[in-house]
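Chain and residue survey
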Amino acid sequence: MSRLIRKWNLIADRNPKSPISERYRMLRTNIEFSTIDHKLQIIMVTSSRPGEGKSITCANMAVSFAQANKRVLVIDTDLRKPTQHHIFAISNHKGLTSALLQRLEPKDVIQQASTDNLSVIAAGPAPPNPSEVLSSESMGVLLGKLRQTYDVIIIDTPSIMSVTDTQIVATQSDGVVLVIDSGKVKKEVALKAKASLEHVQANLIGVVLNNINRKQSESYSYYIRS
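Residues numbered from 1 in each chain as written. Predicted model: local features only at pLDDT ≥ 70, side-chain atom pairs only at ≥ 80, totals over all residues. Heavy atoms only, no water.

**Quick look at the overall build of the chain**
This is how it is decided: Secondary structure elements follow DSSP: runs of H or I no shorter than four residues count as helices, runs of E no shorter than two count as strands, and numbering proceeds from the N terminus. Note on contacts: a residue pair qualifies if any of its non-hydrogen atoms lie within 4.5 Å across the two residues. Only the protein chains shown count as cover for residues, with accessible areas throughout obtained via the Shrake-Rupley method and a probe of 1.4 Å.
A tally of helices and strands in the chain yields 11 helices and 8 strands. Once local pairs closer than 6 in sequence are excluded, the contacts in the chain between residues at least 24 apart make up 76%. On the chain, roughly 11000 Å² of surface is accessible, and the fraction owed to carbon and sulfur atoms is 50%.

**Considering the pattern of salt bridges**
The condition is simple: Salt bridges, as used here, are contacts in which a Lys or Arg side-chain nitrogen is within 4 Å of a carboxyl oxygen on Asp or Glu. Between buried and exposed lies partly exposed: a residue is buried under 20% and exposed over 50% of the maximum accessible area for its type, with that area taken using a 1.4 Å probe on protein chains only.
Here the structure, examined in full by the defined rule, presents 8 salt bridges. Among the ionic pairs, Asp165 bridges to Arg80, the shortest N-O distance being 2.9 Å. With Asp165 in helix 10 (residues 165-170) and Arg80 in the loop between strand 2 (72-76) and helix 5 (84-87), this pair connects stretches of sequence that are 85 residues apart. In this structure, Asp174 engages Arg147 in a salt bridge whose closest nitrogen and oxygen atoms are separated by 2.9 Å. Of this pair, Asp174 sits in the loop between helix 10 and strand 6 (175-181) while Arg147 is found in helix 9 (residues 137-147), placing the two residues 27 residues apart along the sequence. Judged by relative accessible area, Arg147 falls into the partly exposed class, the value being 29%.

**Re helix 9**
To keep it simple, the criterion reads: Summarising the geometry, the arc corresponds to the directions from the helix axis toward the C-beta atoms.
Of the positions making up helix 9, those classed as buried are Ser138, Met139, Leu142, Leu143 and Leu146. Projection of helix 9 onto a plane perpendicular to its axis shows the buried side chains occupying an angular sector of 135°, all on one side.

**Focus: helix 11 (residues 187-199)**
Let me state the cut-off plainly: In this analysis, the expected span of each helix is defined as 1.5 Å times one less than the number of residues it contains.
Its 13 residues place the ends of helix 11 18 Å apart at the C-alpha level, agreeing with the 18 Å of an ideal helix rising 1.5 Å per residue. Three or more residues of helix 11 are buried, namely Ala190, Ala193, Ser196 and Leu197. End-on, the buried residues of helix 11 take up no more than an arc of 115°, which puts them together on one face. With respect to the buried face of helix 11, the exposed residues turned more than 90 degrees away are Lys187, Lys192 and His199. Contacts from the buried residues of helix 11 go to strand 1 (42-47), helix 10, strand 6 and strand 7 (204-210). Gln201 sits one or two positions beyond helix 11 and adopts a positive phi of about 60°.

**Some thoughts on the nonpolar core**
How we decide: Here, the term nonpolar core denotes a set of buried Ala, Val, Leu, Ile, Met, Phe, Trp, Tyr and Cys residues that are joined through side-chain atoms within 4.5 Å.
If you look at the biggest cluster of nonpolar residues, it comprises 34 residues, and the most contacted ones within it are Leu73, Ile75, Leu96, Ile121, Leu146, Ile153 and Leu197. For this core, the element with the highest residue contribution is helix 9, accounting for 4 residues. In this view, Ile75 contacts Leu96, Ile121, Leu143, Leu146, Ile153, Ile154, Ile155 and Asp156; residues no more than four positions away in its chain are not counted. Grouped together as the second largest cluster of nonpolar side chains are 33 residues, Leu10, Leu27, Ile31 and Ile43 included.

**Remarks on the packing of helix 3 (residues 19-32) against helix 4 (residues 54-67)**
We apply this condition: Axis angles are defined between N-to-C directions and span 0 to 180 degrees, where every axis is a line fitted to C-alpha atoms and, for a helix, only to the segment in contact. Just so you know how the angles are binned, under 35 degrees is roughly parallel, over 145 roughly antiparallel, 65 to 115 roughly perpendicular, and the rest oblique. For this scheme, ten residues count as nonpolar: Ala, Val, Leu, Ile, Met, Phe, Trp, Tyr, Cys and Pro. Four count as charged, namely Asp, Glu, Lys and Arg, and the remainder, Gly too, count as polar.
One way to put it is that helix 3 packs onto helix 4 with a least axis distance of 9 Å and a crossing angle of 75°. Taken together, helix 3 and helix 4 sit at an angle that is classed as roughly perpendicular. Residues Tyr24, Arg25, Leu27, Arg28, Ile31 and Glu32 of helix 3 form the contact with helix 4, whose participating residues are Ile56, Thr57, Asn60, Met61, Ser64 and Phe65. In terms of residue class, the contact of helix 3 with helix 4 is made up of 6 nonpolar, 3 polar and 3 charged.

Set out below in C-alpha cells:
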C-alpha cells in the first residue's frame, strides 16, 4: 500500500517534466532566492489545519532540491500522525523518536529514498509527550549534527493550529513555508495560522496555495513574503 501512495503522490519524482513538477522547481528557486541575509538550511513546512497537502508538498519539495544535486534530508516531526514513511515507502520502526529517546546516532535512523541525494528520517514510534521530545536539548543537538551533513533539511510538522509541536519546531528552523488549501481554508483561519508563527518569531518565507483553479495555475502557486 505504501508503495502505491508514493507512486501516486511524488509527482516530482514520477513525472519530473509535468507542469506540477515545474511548479515545485519554481518553489525551490523562490526559496533559494527569498533571502540574502542568511542561509535557509532548515526549512519547516506546515499548514493551517490538517488535510491541506503539507506533507505531499514537503516530500515533493525535497525531491526537487535533490534533483538540483543538493544533499537533502526530510524529517517527519509529526509524532502523532506521521506521513512521510508512507509517502517514501520506508519503515517507521525507527526514526526521530528513536534518535532522541534511545540516543541512537543519526546514521542509525536515516533511510535512503529512491531519489538520488535524498534521505529521510521517519517519525518513529509514537511517544507519550511529543512536545517535550521536540523541545528537548537532544533535538537541538541532532539538528546541529545534521546541519554538518546536508545542504537542505526539510521538516514536516503537524498543522500549526492543531498542537504546539509546530511552534516548537519553527523556532529551530531557518524558514517556514505555510501550505494553504485555497478551496477550503477561510481567510481568518489562514491569518490565525500566520499569527501563530509570528508569535514565536518564526521566519515565514512564503505561502504555497494548494488546489487553486487550474485555469489560473496547474495546481500550486507560491508567494514570497514581501
